[in-house]
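# Survey of secondary and tertiary structure
Read off the chains here:
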Amino acid sequence: MTPVEVFVAAGADRWHDAQALRAHELVRLMPTPRHATVLLVAGTIPGSAREAFDRVHDQLPHPRAVVTWDEIVAGNDVVDAVASEIVGRADRVMADPSTSSPGRLADEEPNDWRGVGPFGQGGEGMMGGTPYGRAMAMTADDRDGLSLDRLELRLGPFLGQLPGGLVADVALQGEVIQSIEFACAGSAPFVTGDRAVPVARRLLWLSHALHVQGLDAFAVGAARLARRSARLDDDPGLARDFASLRRRMRWTGLRSALRSVGDRDGLDTWARWSAHLDAIAASLDGADSRPVSADGSMPITAAELAEMITGLTLTDAVTTIIGFDIDVPAMTTTAVET
Amino acid sequence: MMSALAAVLAVTAVALTVQAAALVRSEWADPFVSTAPQRVPFLGGNEPATHAWSRFHVRYYPMTLVFVAFEMEMMFMYPWAVVFIEEGATALVEMGMFLTILGVGVVYAYKERVFSWQ
């Protein structure tokens, strides 16, 4: 049976849980809504993300269906129940496309541009008007002493590469990040490394991190281990299978890809991954779930993280962000309180 | 001759008809046309403030120039190979000098960090 293509719009509180779907054979998580048939709404979508959610919803092509994780009554295995619901809804909407979820936003261009200008492209001259609906980027100094265009973007809160709920205002020149600011209180510590969390959650972090690195087969393996660890408290083969996954990861070139990326206090992203992997192995071996920050590499504040990744390429920046297991709910709560 | 031309015209007519039918179906008969929100680049739910058509520093540009330069140098070696048998050692020495000068150029480019991406 062909897996149903799903895009997950996850709130910060349910984002890790949704990663477990990666291990399910009936569904396939897609990187953008344009590739998906079903939109899975997982967790709480805050009011500030409502418009972003509506836009993501409308970006799914018709026929489309929406499934809400929190409305599903599950037995022992909530991931199974969610996957079954997704398949059922996809089948129904495919059989009757008239039941496709209607659009939420108005079908309007951001600016009136059609027919304006000498070629009808929406502008005149080098910088005039809004060609194809959007203003041209303004110039700013770059790191080579040139004055070139500065692309301003707001990434998140539903970008698959970043943790759910994380919003970052980024200014890019080419692929280089010139400035970045996270939507949270500037000094809030927001990684989970400084506290103990269940091993299943750490494995779900690993699954997502491997997916971002392009190692999807390994990501599925990590998600399967996470589901096993969540189902059974005492699975004797789990530690052995995790050790096997870790051994195979050594042959992927991951170490060389993560080395020297995101250096802080002499520790790079590979060192942080190693700390996470050691913490998982220790938990599976029966030790108490210990903090990852035993080596002093974590926690980090939003402002420190922004400073670290300014000047990196976008790819290296995402790799660095993922290297920290960011606790977005804690970050958001702190932001609301301050 | 006429039958061949008729066949070509018939195939062209069929192709145009099928193409026109597909266009009509996609533009008019399909209720699910792309909407303005669907044409927005995917950024995780937000819209970009500016057009993606932006100018940035192509940092591999010097490397590209060096590559093109050496591609052109190779062109000089084809006529040299033609006369090599006739000229013998003289041609070998001359080409050796030429390649040595080019080699110095590569070393200079390397020292100037032309081959570094960052």
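Before reading further, recall that the structure is shown in the block above.
All of the points below concern the structure found in this document. (Residues numbered from 1 in each chain as written. Chains lettered and ligands numbered in written order. Predicted model: local features only at pLDDT ≥ 70, side-chain atom pairs only at ≥ 80, totals over all residues.)

Attention shifts here to the interface of chain B and chain A. One frequently used descriptor of interface size is the decrease in accessible area upon assembly of the parts. Contacts between the two partners involve 20 residues from chain B, matched on the other side by 40 residues from chain A. Of the residues contributing to the side of chain B that touches chain A, the split by class is nine nonpolar, nine polar and two charged. (Contact = placed C-beta atoms within 7 Å. Nonpolar A, V, L, I, M, F, W, Y, C, P; charged D, E, K, R; others polar.)

Residues and elements named next belong to chain A. Where burial is concerned, most of strand β3 (residues 38-42) is hidden: five out of the five residues are buried. Taking every second residue as pointing to the same face, both faces of β3 are buried, with Val38, Leu40 and Ala42 on one and Leu39 and Val41 on the other. Inspection of the sheet shows strand β1 (residues 4-10) paired to β3 by five bridges, in the parallel sense. Note on β3: the bridge partner recorded for valine 8 is leucine 40. With four bridges joining them, β3 and strand β4 (residues 65-68) adopt parallel strand pairing. Its bridge partner lying in β4, leucine 39 is registered against valine 66. (Buried ≥ 20, exposed ≤ 12 C-beta atoms within 10 Å, placed from the backbone. Helix = DSSP H or I, 4+ residues; strand = E, 2+ residues; numbered from the N terminus. Pairing = 2+ DSSP bridges.)

All names here are of chain A. Taken together, the buried positions of helix α9 (residues 302-309) are Ala302, Leu305 and Ile309. For α9, the angular spread of buried residues about the axis comes to 60°, placing them on one side. Downstream of α9 by one or two residues, glycine 311 has phi in the positive range, about 95°. (Arc of directions from axis to C-beta.)

With that settled, consider the sheet that holds strand β7 (residues 151-155) of chain A. Residue and element names in this part refer to chain A. One open sheet holds the three strands; their spatial order is β7-β8-β9, and the pairing between them is antiparallel. Every interior strand has two partners, whereas the edge strands, β7 and β9 (176-182), have only one. Put simply, the sheet's adjacent strands are angled 20° from each other on average, direction ignored. In this sheet, β9 lies alongside strand β8 (residues 168-173) in antiparallel orientation, the contact comprising six bridges. Within β9, the position partnered with valine 170 by the bridge is isoleucine 180. (Axes fitted to C-alpha atoms, helices over the stretch in contact; angles between N-to-C directions.)

Further remarks concern the nonpolar core. Residue and element names in this part refer to chain A. Grouped together as the largest cluster of nonpolar side chains are 81 residues, with contacts concentrated most on Val6, Val38, Leu40 and Ile86. Looking at this core element by element, the count peaks at eight residues for helix α4 (residues 199-212). In terms of domain composition, this core takes at least three residues from each of domain 1 (4-99) and domain 2 (192-298). When near neighbours in sequence (up to four residues on either side) are disregarded, isoleucine 86 contacts Val4, Val6, Val27, Val38, Leu40 and Val67. (Core = buried A, V, L, I, M, F, W, Y, C linked by C-beta atoms within 7 Å. Domains from an automatic or database assignment.)

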